[in-house]
Number of protein chains: 2
Amino acid sequence: MGNAVIDTCRIIHAMEDSPGEYARSDSNEEIMLATYCALREHGYADLTIKRIAEEYGKSTAAVHYYYETKDDLLVAFLDYLLDQFIDTVHEVETVDPQQRLDLLLDKLLTDPADHRNLLVALLEMQSQAPYKITFREQLQQNDEYLRYLLRTVISHGIEEGVFSDVDAEHAAQSLMTIVHGARTRAVVLDDPNALVTARRTADDYVDAVLQTNPE
Amino acid sequence: MGNAVIDTCRIIHAMEDSPGEYARSDSNEEIMLATYCALREHGYADLTIKRIAEEYGKSTAAVHYYYETKDDLLVAFLDYLLDQFIDTVHEVETVDPQQRLDLLLDKLLTDPADHRNLLVALLEMQSQAPYKITFREQLQQNDEYLRYLLRTVISHGIEEGVFSDVDAEHAAQSLMTIVHGARTRAVVLDDPNALVTARRTADDYVDAVLQTNPE
DNA sequence: CCTACCGATCGGTAGG
DNA sequence: CCTACCGATCGGTAGG
């Protein structure tokens, strides 16, 4: 499993080292990737500038050249990481409420590719939320946005009469709770099944609480 | 908020420094408490033997006298921490399925006293699960036990005809997902309301999925 | 249990 | 961007 992770990072680096298409100003992107790999391999507690520099392939001074302090770098990295999750969700373009909610939950609770590695990285960053106000605010904003997406689609469904007239904000919070619970359990208990189970739980919830039973 | 934490730890220390009732062999308990406070105040990434020793009120060598390595200490501490949660749940003695499930969820999703501090400590320890097999196994065992309690009470309810004939294991996993999600959100987003909301979500789930509608 | 100390490593900087 | 280096701090141990 440890090897799988390293491989993933090697693959990412390989992809990115390919033909020099865009300007070298993408050093930032490279450092973000290096941070991602170093974090995934060592965890937040053992994440050092030196290890990031090793993944980056340059010296520690090179890292400090782009980011004055370790904190600056990590704040930027958390934005980068949360964007990865947002991007996935933005792939859903359907507007039909039932279908859209279904697909949003799919994106939030499965989808993968590199999902497991992303979830580990997220867990590590989350663990610093009680101590770094910046992190906490970034995570709050992300949660708020995802909740907004859910609340909106639920409201639309209610207006169209396909969902029961429930408290849309509460329903959105409930689904976010299931999402966070699934992610935590998947990574902490090392149980990939946790996401699949939670996807079903979310469906239970939608079917039983939101869905109008046409009979 | 930072002050509130420190105060909590001071209070705990005060309680424990009171009349010398039991033998001094309780140094272990004192070190566990010191670790709890140091962890709560600084987070896992900045948890050092020195800081634990400061909370303990003795030298770092004193800590190493009882625990050979930092790892040994932290493994013992995780057991200690998880026991705190288990103890709370064990206060539920009711056998009536509906009432018992209700009270179990209360204990898992509210109860507090020092709940928030306990949740922060848990989050910190969880963040090391991907890197320390021992931690992961301890957390797996804990989750398994709580799931067992839920599955059992659900099965009893089904036998007695007060719950629908659902997959008890899946229902238990769903509730555990909600519990983990609530804890994560409460601490990471610093939203005490997350627990209350999730308690309602759990009720939604129980009412809609488990409860037989007698009509 | 304490004092004193070990080698290793940390984030960050000076000077180029 | 690199080499070389800074003071501070880490987990752990020797000797008592």
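Residues numbered from 1 in each chain as written. Chains lettered and ligands numbered in written order. Predicted model: local features only at pLDDT ≥ 70, side-chain atom pairs only at ≥ 80, totals over all residues. Heavy atoms only, no water.

Enquirer: Would you mind going over the protein's contact with DNA strand D with me for this structure?
Expert: Taken together, 14 residues sit near DNA strand D, with Lys58, Ser59, Ala62 and Tyr65 of chain A together with Lys70 of chain B positioned nearest. Near-protein atoms of DNA strand D (within 4 Å) split between backbone and bases, with sugar and phosphate holding 67%. Here Ile49 of chain B contributes a backbone N or O atom positioned 3.1 Å from a phosphate oxygen of DNA strand D. His64 of chain B has a polar side-chain atom sitting 3.2 Å from a phosphate oxygen of DNA strand D. Those elements giving two or more residues to the surface near DNA strand D turn out to be α4 (60–66) of chain A together with α3 (49–56) of chain B. Residue composition of the surface near DNA strand D, by class: 7 nonpolar, 4 polar and 3 charged. (Near = heavy atom within 4 Å. Polar contact = N/O pair within 3.5 Å; in protein donor to acceptor, adjacent residues only side chain to side chain. Helix = DSSP H or I, 4+ residues; strand = E, 2+ residues; numbered from the N terminus. Nonpolar A, V, L, I, M, F, W, Y, C, P; charged D, E, K, R; others polar.)

Enquirer: Help me out: how do you make sense of the protein's contact with DNA strand C in this one?
Expert: In the region of DNA strand C, 14 residues are neighbours, and Lys70 of chain A together with Lys58, Ser59, Ala62 and Tyr65 of chain B sit closest. Here Ile49 of chain A contributes a backbone N or O atom positioned 3.1 Å from a phosphate oxygen of DNA strand C. The greatest single-element share of the surface near DNA strand C, amounting to 4 residues, is contributed by helix α4 (residues 60–66) of chain B.

Enquirer: Before we go on, may I ask you to explain the packing of aromatic side chains in this structure?
Expert: Ring pairs (aromatic) are described by centroid distance and by the angle formed between their planes. Residues and elements named next belong to chain A. Scanning the model with the defined rule gives 6 aromatic pairs over all chains in all. Both rings, one in Tyr65 and one in Tyr66, keep their centres 5.1 Å apart while their planes meet at 90 degrees; by these two values the pair is edge-to-face. Overall, Tyr66 belongs to the partly exposed group, its relative accessible area being 36%. (Phe/Tyr/Trp six-rings, centres within 6.5 Å; stacked < 30°, edge-to-face > 60°. Buried < 20%, exposed > 50% of the residue type's maximum accessible area, 1.4 Å probe, protein only.)

Enquirer: What am I meant to see in the domain arrangement of chain A here?
Expert: Residue and element names in this part refer to chain A. The domain architecture assigned to chain A consists of domain 1 (2–67) and domain 2 (75–210). Listed by partner, the interface residues are 13 residues for domain 1 and 14 residues for domain 2. For the pair domain 1 and domain 2, the two sides together bury roughly 1200 Å², of which 67% comes from carbon and sulfur. The largest per-residue losses of area from domain 1 upon contact with domain 2 belong to Tyr36, Arg40 and Tyr44, which jointly make up 53% of the total buried on that side. Counting across the domain 1 and domain 2 interface gives 0 salt bridges. If you look at where domain 1 meets domain 2, you find 3 residue pairs in polar contact (both at pLDDT 80 or more). When contributions to the side of domain 1 that touches domain 2 are tallied by element, the ones reaching two or more residues are α1 (2–17) and α2 (27–42). Considering every element that reaches the side of domain 1 that touches domain 2, the biggest residue donor is α2, with 7 residues. (Domains from an automatic or database assignment. Contact = heavy atoms within 4.5 Å. Buried area = accessible area lost by both parts, 1.4 Å probe. Salt bridge = Lys/Arg side-chain N within 4 Å of Asp/Glu carboxyl O.)

Enquirer: Before we go on, may I ask you to explain the interface of chain B and chain A in this structure?
Expert: Size of an interface, as often reported, equals the accessible area lost when the parts are brought together. Each side of the interface is counted separately: chain B has 46 residues, and chain A has 45 residues. Buried surface at the junction of chain B and chain A, summed over both partners, amounts to about 3800 Å²; 60% is from carbon and sulfur atoms. The largest per-residue losses of area from chain B upon contact with chain A belong to Tyr131, Thr177 and Arg185 of chain B, which jointly make up 17% of the total buried on that side. Notably, a salt bridge pairs Arg200 of chain B with Asp167 of chain A, separated by 4.0 Å at the nearest N-O pair. Across the contact surface, chain B and chain A share 19 residue pairs in polar contact (both at pLDDT 80 or more). Secondary-structure elements contributing two or more residues to the side of chain B that touches chain A are α2 (27–42), α7 (115–126), α8 (133–159), α9 (168–188) and α10 (193–210) of chain B.

Enquirer: Before we go on, may I ask you to explain the nonpolar core in this structure?
Expert: Considering soluble globular proteins, one finds that nonpolar side chains tend to be buried as a cluster. Counting residues in hydrophobic clusters, the biggest one holds 137 residues, and the most contacted among them are Leu175 of chain A together with Leu175 of chain B. Excluding residues within four positions of it along the chain, Leu175 of chain B makes contact with Leu101, Leu105, Leu150, Ile154, Ala202, Tyr205 and Val206 of chain B. (Core = buried A, V, L, I, M, F, W, Y, C linked by side-chain atoms within 4.5 Å.)

Enquirer: How should the environment of Asp190 of chain A be read in this particular structure?
Expert: Relative to the elements of secondary structure, Asp190 of chain A occurs in the loop between α9 (168–188) and α10 (193–210). For the pair Asp190 of chain A and Val120 of chain A, spaced 70 residues apart in sequence, the C-alpha to C-alpha distance is 9.9 Å.

Enquirer: What am I meant to see in the packing of helix α5 (residues 70–90) of chain A against helix α8 (residues 133–159) of chain A here?
Expert: In helix packing, the relevant descriptors are the interaxial angle and the interaxial distance, both defined with respect to the helix axes. All names here are of chain A. Axis separation between α5 and α8 bottoms out at 10 Å; the angle between their running directions is 10 degrees. In this view, α5 runs roughly parallel relative to α8, as classed from their interaxial angle. Contacts between α5 and α8 involve Leu74, Val75, Leu78, Asp79, Leu82, Ile86, Val89 and His90 from the former and Thr134, Phe135, Gln138, Leu139, Asn142, Tyr145, Leu146 and Leu149 from the latter. The residue inventory of the contact of α5 with α8, partitioned by class, reads 11 nonpolar, 4 polar and 1 charged. (Axes fitted to C-alpha atoms, helices over the stretch in contact; angles between N-to-C directions. Parallel < 35°, antiparallel > 145°, perpendicular 65-115°, else oblique.)

Enquirer: Please clarify how the relation of the copies chain B and chain A should be interpreted in this entry.
Expert: Copy one and copy two of the chain differ by a rotation about an axis and a translation along that axis. Here chain B sits on chain A after a turn of 180 degrees about the axis and a move of 0.0 Å along it, with an RMSD of 0.0 Å. In the structure described here, the two chain copies are related by an operation that fits a two-fold rotation axis. If distances are taken from each C-alpha of chain B to the rotation axis, the shortest is found for Gly181 of chain B, at 1.7 Å. Of all interface residues in chain B, 98% are interface residues in chain A too; the two copies therefore contact each other through one and the same surface. (Least-squares fit on C-alpha atoms with pLDDT ≥ 70 in both.)

Enquirer: I keep staring at the pattern of salt bridges and nothing clicks. Help me out?
Expert: Two side chains bearing opposite charge may form a pair once their charged atoms approach each other closely. This model, assessed by the stated rule, comprises 23 salt bridges over all chains. Asp143 of chain A serves as the salt-bridge partner of Arg147 of chain A, at 3.0 Å between the closest nitrogen and oxygen. On the criterion of helical spacing, the pair formed by Arg147 of chain A and Asp143 of chain A is a turn pair, its members being 4 residues apart in helix α8. For Asp143 of chain A, a relative accessible area of 2% corresponds to the buried category. Each member of the salt-bridge network shares a partner with another, and the members are Asp143, Arg147, Arg151 and Glu169 of chain A together with Arg185 of chain B.

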